[in-house]
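Fold and geometry: a report
Chain by chain, the residues:
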Amino acid sequence: MPPEVTRRRFVFQTLGVIGGATVSGDLLPLLAEAAKRKQILRVAIERDFESLRPDFGVGDSFNMLRRLIYTTPIIWGTQQRPDGSLIYDPDTLEMVLATAYKVSEDRQMIEFTLRNNAKFANGDPMNAQALKDSYAWFLGAKGSGQLRVNGLPSADLIEVIDDVTVRLHLDRPVAWGLIGNALMSSSSIVHAKEILKHATADDPFGTKWAETKAIESGPFVIETWQKGAMMSLVPNPHAFQPSKLERILLQVVPDASTRRIVLERGDVDFAMYIAPKDIADLRKASGVKVASYPSARGWFLGMTWRKAPFNNMHFRRAMAWAMPYETLMQVVTQGLSERLRSCVPKNISGYVGDFWPYETNLEKAREELAQAQVPDGFSVTLPVYANDPFDEEANVLIKETLAQLGITLTLQKMLMGQKRSLLNQKQVDMAVYDWRPWVPDAGYFIYFNWLPDSFTNYWSYVNPEAQTLGNEAITMAVGSPEREAKLRRFQEIVNGEIGLVPLFNQFDTITMRENVQGYVYYPDMTPDLARMHLG
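Rules used in this analysis
- Residues numbered from 1 in each chain as written.
- Predicted model: local features only at pLDDT ≥ 70, side-chain atom pairs only at ≥ 80, totals over all residues.
- Heavy atoms only, no water.
- Buried < 20%, exposed > 50% of the residue type's maximum accessible area, 1.4 Å probe, protein only.
- Helix = DSSP H or I, 4+ residues; strand = E, 2+ residues; numbered from the N terminus.
- Contact = heavy atoms within 4.5 Å.
- Axes fitted to C-alpha atoms, helices over the stretch in contact; angles between N-to-C directions.
- Parallel < 35°, antiparallel > 145°, perpendicular 65-115°, else oblique.
- Left-handed = near helix turned anticlockwise from the far one by under 90°.
- Pairing = 2+ DSSP bridges.

Of all 10 residues in helix α3 (residues 60-69), 10 are buried, a share of seventy percent or more. For α3, the elements touching its buried residues are β1 (40-45), β2 (74-80), β8 (220-226), β9 (230-235), β10 (247-252) and β12 (288-303).

A few words now on the packing of helix α16 (residues 442-449) against helix α18 (residues 481-496). Close contact between α16 and α18 brings their axes to 11 Å; oriented N to C, the two are set at 45°. With respect to their mutual orientation, α16 and α18 come out oblique. With respect to the hand of their crossing, α16 and α18 are arranged in left-handed fashion. Touching A442, G443 and I446 of α16 are R483, L487 and F490, all from α18.

Another point: the pairing of strand β17 (residues 501-513). Of all 13 residues in β17, 12 are buried; the element is thus mostly enclosed. Taken together, the 2 bridges between strand β11 (residues 270-271) and β17 define a ladder with antiparallel strand orientation. When the bridges of β17 are listed, F270 appears paired with M512. Here β12 pairs with β17 via 11 bridges, running antiparallel. Pairing of W299 across the sheet is with F504, part of β17. Relative to β17, strand β13 (residues 337-339) is paired through 3 bridges, and the arrangement is antiparallel. Within β17, the residue paired with E338 across the bridge is N505.

Before going further, it helps to examine the side chain of D89. Residue position: D89 is located in strand β3 (residues 86-95). The residues touching D89, leaving out its near neighbours within four places in the chain, are W76, G77, T78 and Q79.

We now examine the sheet that holds strand β19 (residues 520-521). One open sheet holds the 3 strands; their spatial order is β2-β3-β19, and the pairing between them is mixed. Each having just a single partner strand, β2 and β19 make up the two edges of the open sheet.

A few words now on the sheet that holds strand β7 (residues 165-169). With antiparallel pairing, 4 strands are arranged side by side in an open sheet as β4-β5-β7-β6. Two strands in the sheet have a free side with no partner beyond their single neighbour: β4 (98-103) and β6 (158-162). With direction set aside, neighbouring strand axes in the sheet form an average angle of 20°. Pairing of β6 with β7 involves 4 bridges; the strand directions are antiparallel. The residue of β7 that forms the bridge with E159 is R167. Against the sheet, helix α4 (residues 128-142) engages β5 (109-114), β6 and β7, with an angle of about 170° to β6.

Following A308, the chain continues into P309 via a peptide bond in cis, with omega recorded as 0°. Position of P309 among the secondary structure elements: in the loop between β12 and α11 (313-322). Its identity as a non-glycine residue notwithstanding, S460 has a phi of 60°, on the positive side. Examined against the element boundaries, S460 turns out to sit in the loop between α16 and α17 (464-474). On the basis of relative accessible area, S460 is assigned to the buried category, the value being 19%.

Here it is, written out as structure tokens:
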């Protein structure tokens, strides 16, 4: 994009050339209106949405959309930081669809009382039966996945008491049972009856229809969606939490540098995924505010345990000694990160950083490789998220480092969903990847990543002692001394075996115009746009 960026040029370049699409006539009036009205929030996102399915979409921008169009029973409470900014409060919860909840003493029953007369965007009742139907759809459409992690593997465990009362009977106490079953992605309330009207013999849960259509339950509804260019959303007429915003425009701007320029010039109010190299300059820009938060988003190098040489301990030690840790943090994140020293992310309950002795030392890496019997000219293909500056730059740096050891990396760029799919199917031998636990708890991360049947145990790790400890910690109350001891021992074992190579925890950095008010930082880094307004 040339230095002179006019509003008209921005519209046609981001929606026409960069987005790979032309601007349709019905979108031009929306853009013109956005310049006139006071409460239209314009957001630059890095990519279009692959699907509207709340069980399928990936990435922070999709999570942002999901929170706009699908409600949940509860959400984190908020608290104010000394600088006046808002951040989630891990000790409080705010009611959304629910008005109250109860948890049994044994932590295996959760009861929700729902709002009277809550409705979907089409006016249909959003009651206790609708909540059960929604959870049942998640269980059927994608298997038990997230709900199984939360102790709810079957819809038979959901009891409808009356129109506004529903009980979840967990198959075991889970440390994050309430949070997991009430504000995670699988708690997004979909209109299951409407989706199932579009089921076919080949698609028994109507997922094809749900990829591009929705009967919204959240605070906003989709007004217009031009693939590859823009989505316009307006308030849901049946929303029980009215927004101050009149419209939200999500504009696809794939290039990170362009997102920075249009934010700085005021062509958008909020921008996702600004490149770390641009953050320092943006902090000095007039009319822009930048905030950084230590996060639970960890970056790792993973290697399969299913084949040589990756399952050779000497090879794994070589990789641990070879990683350019400080360079990654300074170049990839521009210092907006902190060193990670465990098989679980930092900034979560139960993290222990005492069991990772590795620093960058290519001589020690060569010594280990010599014992690993790696064949000359060894090469491996690594999948890389396209248009993700963290993933692309980290892989390039690691490729350059391993080349000094005689190891050739071939980097294969692909969509985020494609890479996630390959990882889930265990079709990747080695990869750089990130993982953010939506519940800031080590037990939650362990259940998802480190047990034999964990949904994202990408690398097929097995260790009976460690996995027994992990299973035991999952059911125990958060913060208990016995649980902390088990989590500590778990990390000692897995780090000792180099279950993976921890690289860094990135900071979450948020960029917006100074007149944007109401932003709240949540542990899943999902902006709740409906709570925001222009001051």
